[in-house]
Amino acid sequence: MVVSGVVALLGGLALFLFGVEESTRASRSALGGDERAFLGRLASRTSGAFCFGALLSALSQSSSVATSFAVGLVDLGVLPFAGSLLVMMGASVGAAAVTFLLSLDVGVLAPAVLAAGSGAALLGRGRWRTAGQVVRGLGLVLLGMFLIKLGVDPLMRTPQARELILGASRWPLALGGAALAVTALLQSSSAVLALGIALASSGVLSLGALVPLVLGAHVGSAAPVLLSSLGAKRNARRLGAATCLYKLCGALAVLPLVPWLVRFLEGSGISPAQAVPWIGAGVTGLNALLGIPLAGALASLAGRWFAGAEAVGEPQFLDDTLARVPGLALKLLDREMSRLANLLETFLYLLAESPQEEERIERFRRGLPDLAESCVGYLDSLEFPDPETRRRAYGEYEFPLLSMGGLARTLAQDLSGPAMRFHHREGVSLSRAPGWSGLYETLKELLRDALGAFALGDESLAERARRAFRRYEVQEGAWNGGWAGGDSGAGSRTPRQEAWSLLEAFGSLARYAQEMVRERGIAPSAPSPEPTSSPGPLPPSPPLSGAP
């Protein structure tokens, strides 16, 4: 009897969590372009943001879908950060609404929901199939709840297990702490409330014990958001910290009302099992009523917590949780690539014009290649609905990403060392050195126009970049002619060898920038005419005694 009860309890819990994961996965895949645009408009208003969080959380039986989607909208600039807090508050209420289903006669409800969802998932197409997967996940959750109840009942008939639970119920703080810990471990407050409903149905948990259990699960539900934000981008960390503070303050605000709440429930004649969802709704509802007016202040406080400069190599916009929503994920990748383009231009400026900022240059040298690799890895991780969509996405993003990765590696590995040594030896930056300033200005113009053409798809910028590349080729040819037959001594590098390294790095940057314009697909169908104006004065050949 005991063994079968334990097996049923553990199996039901596993099935419950699997159903939550199934619904979460299906809910993410259902957020296509039209749905994303609608939800973005909905979440742009205070009431809409709250309802959006509640609706998406109730459908997926998990608040993580709503919160990760909210962070994505914040990163795209569609939603202010205070709006993402409102989405999180609504998601908390939506997750609590699921417990009303769990308190029903799931033995009758679960098979019907599971059959309907499985039929739609297997026979449906497109959105009907996705909706069926969401319903099938809900059916698995209800079936898991049935098994949990089935396993708890024989266990509570054993004196040892019953006395253990009854003893724990006499210590409200310990019971609340245990609920918090189990919620954080399972990353699901619904699973803990399901256990609470099953225990209350067996008669071992009173109404007075259920309140601290619900409060502990409510605070513990911040753990998934907080854990997923560790090591993540700034907005995710801000939301994780704000969620933890919000739910903790909400629980503390409810504590003085616990005696009144218990007396009210006892007077209503409601059974303990049926009281769990009402207690959860009351806690999350009161928390939301107190938190909504303070969303702006909470957002400002979270912003001050994470106001420091981010590491260069840390993505600001990429969100792994949205890999199953390629429409939104590609927009986030666009923003990250635009940020990478700005950092590449800044890094060239630092090396050539501000080499004295050595600490900042070192951060760029270490971080930029990692950021470029993160963008490539993010593209590879996206889950596209069909091969044709994947092919189009790769055709648009893969080659520009490879070019930007080449720019990052050239700046970090090939240019940074020679540029810094040149500054230390000559006491002047490349942008002011005789002979180098003209070549650098042409390269800077080429890189700026190529990156701008990439970010905007602007043909006029692309044409300017092509003209700058032709000027650079002429200037580079003059340098090569002046250095024919240079020395190649052994041991430490000579100034002339260092100058050759600089020139080679400049040439690599110029060619990667030109490839970026070509691979973006905005090059004209016919070759552009050569400019009628002169490419400008050629730089003088370097002196034989040292670097230019």
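Preceding this paragraph is the structure being described.
Notes on the structure follow. (Residues numbered from 1 in each chain as written. Predicted model: local features only at pLDDT ≥ 70, side-chain atom pairs only at ≥ 80, totals over all residues. Heavy atoms only, no water.)

1. Some points on the overall build of the protein chain
Logical step 1: Counting secondary structure elements, the protein chain contains 22 helices and zero strands.
Logical step 2: Across the protein chain, the fraction of contacts at a sequence separation of at least 24, relative to all contacts at a separation of at least 6, is 80%.
Logical step 3: Roughly 24000 Å² of accessible area belongs to the protein chain as shown, and the carbon and sulfur atoms make up 62% of that amount. (Helix = DSSP H or I, 4+ residues; strand = E, 2+ residues; numbered from the N terminus. Contact = heavy atoms within 4.5 Å. Areas by Shrake-Rupley, 256 points an atom, 1.4 Å probe, with all protein chains shown as cover.)

2. A short note on the nonpolar core
Logical step 1: One finds Leu 333, Leu 344, Leu 368, Leu 415, Trp 436 and Phe 506 to be the most contacted residues of the largest nonpolar core, which totals 95 residues.
Logical step 2: Sorting elements by how many residues they give to this core places helix H17 (residues 326-353) first, with 15 residues.
Logical step 3: Residue contacts for Leu 368: discarding those within four places in its chain leaves Val 312, Leu 340, Leu 343, Leu 344, Phe 347 and Ala 408.
Logical step 4: Leu 102, Val 141, Ala 179 and Ala 273 belong to the second largest nonpolar core, which has 48 residues in total. (Core = buried A, V, L, I, M, F, W, Y, C linked by side-chain atoms within 4.5 Å. Buried < 20%, exposed > 50% of the residue type's maximum accessible area, 1.4 Å probe, protein only.)

3. Considerations on the pattern of salt bridges
Logical step 1: Scanning all chains against the criterion turns up 16 salt bridges.
Logical step 2: Between Arg 425 and Glu 426 there is a salt bridge, and its shortest N-O distance comes to 3.3 Å.
Logical step 3: Overall, the relative accessible area of 38% leaves Glu 426 in the partly exposed class.
Logical step 4: For Arg 470, the salt bridge is made with Glu 463, and the minimal N-O distance between the two is 3.9 Å. The two residues Arg 470 and Glu 463 agree in class, both being buried.
Logical step 5: The structure contains a network of salt bridges with shared partners spanning Glu 459, Glu 463, Arg 466, Arg 467 and Arg 470. (Salt bridge = Lys/Arg side-chain N within 4 Å of Asp/Glu carboxyl O.)

4. As for helix H10 (residues 189-201)
Logical step 1: The end-to-end C-alpha separation of H10 is 18 Å, in line with the 18 Å expected for 13 residues at 1.5 Å each.
Logical step 2: Extensive coverage of H10 is indicated by the burial of eleven of its 13 residues.
Logical step 3: For H10, every residue scored as buried is listed here: Ser 189, Ser 190, Ala 191, Val 192, Leu 193, Ala 194, Gly 196, Ile 197, Ala 198, Leu 199 and Ala 200. (Expected span 1.5 Å × (residues − 1).)

5. So, the environment of Pro 293
Logical step 1: Along the chain, Pro 293 falls in the loop between helix H15 (272-291) and helix H16 (295-305).
Logical step 2: Taking the relative accessible area as the measure of exposure, Pro 293 reaches 64% and is therefore exposed.
Logical step 3: Residues Pro 293 and Leu 86, 207 residues apart in the sequence, show an inter-C-alpha distance of 9.9 Å.

6. Focus: the packing of aromatic side chains
Logical step 1: Per the counting criterion, the structure on display carries four aromatic pairs.
Logical step 2: Seen in terms of ring centroids, Trp 260 and Phe 264 are 5.6 Å apart; in terms of plane orientation they differ by 15°. Their pairing is stacked. Note that Trp 260 and Phe 264 are positioned in helix H14 (residues 258-268) at a spacing of four residues, about one turn of the helix.
Logical step 3: In this structure Phe 264 comes out as partly exposed when scored by relative accessible area, which is 49%. (Phe/Tyr/Trp six-rings, centres within 6.5 Å; stacked < 30°, edge-to-face > 60°.)

7. With respect to H14
One turn of an α-helix holds 3.6 residues; hence residues three or four places apart share an orientation.
Logical step 1: Taken together, the buried positions of H14 are occupied by Val 258, Leu 261, Val 262 and Leu 265. Projected down its long axis, H14 carries its buried residues within an arc of 100°, all on one side. Those residues of H14 that are exposed and aimed more than 90 degrees away from the buried face are Trp 260, Arg 263 and Gly 267.
Logical step 2: Positioned one or two residues after H14, Gly 269 has a phi angle of 80°, which is positive. (Arc of directions from axis to C-beta.)

8. Focus: the packing of helix H11 (residues 207-220) against H14
Logical step 1: One way to put it is that H11 packs onto H14 with a least axis distance of 9 Å and a crossing angle of 130°. Comparing their axes, H14 and H11 come out oblique. Every pair of crossing elements has a handedness; the one defined by H11 and H14 is right-handed. Contacts from Leu 207, Gly 208, Val 211 and Leu 215 of H11 reach H14 at Val 258, Leu 261, Val 262, Leu 265 and Glu 266.
Logical step 2: Residues of the contact of H11 with H14, tallied by class, amount to seven nonpolar, one polar and one charged. (Axes fitted to C-alpha atoms, helices over the stretch in contact; angles between N-to-C directions. Parallel < 35°, antiparallel > 145°, perpendicular 65-115°, else oblique. Left-handed = near helix turned anticlockwise from the far one by under 90°. Nonpolar A, V, L, I, M, F, W, Y, C, P; charged D, E, K, R; others polar.)

9. So, the packing of helix H9 (residues 172-186) against H10
Logical step 1: Packing of H9 against H10 leaves a shortest axis separation of 8 Å and a crossing angle of 130°. Taken together, H9 and H10 sit at an angle that is classed as oblique. For the pair H9 and H10, the crossing hand works out as right-handed. Across the interface between the two elements, Ala 179, Val 182, Thr 183 and Leu 186 of H9 pack against Ser 189, Ala 191 and Val 192 of H10.
Logical step 2: Along the lines of polarity and charge, the residues of the contact of H9 with H10 split into five nonpolar, two polar and no charged.

10. Topic: a nonpolar patch on the surface
Logical step 1: A contiguous nonpolar surface patch, about 230 Å² in accessible area, is contributed by Val 2, Val 6 and Leu 10.
Logical step 2: If you trace the backbone, Val 6 turns up in helix H1 (residues 2-29). (Patch = residues over 30% accessible without salt bridge, like charges linked within 9 Å, V, L, I, M, F, W, Y side chains within 5 Å.)

11. So, the state of the cysteines
Logical step 1: Tallying each qualifying case throughout the model produces zero disulfides.
Logical step 2: Between Cys 249, a cysteine without a disulfide, and Cys 244, which holds the nearest cysteine sulfur, the sulfur-to-sulfur distance is 9.2 Å. (Disulfide = S-S within 2.5 Å.)

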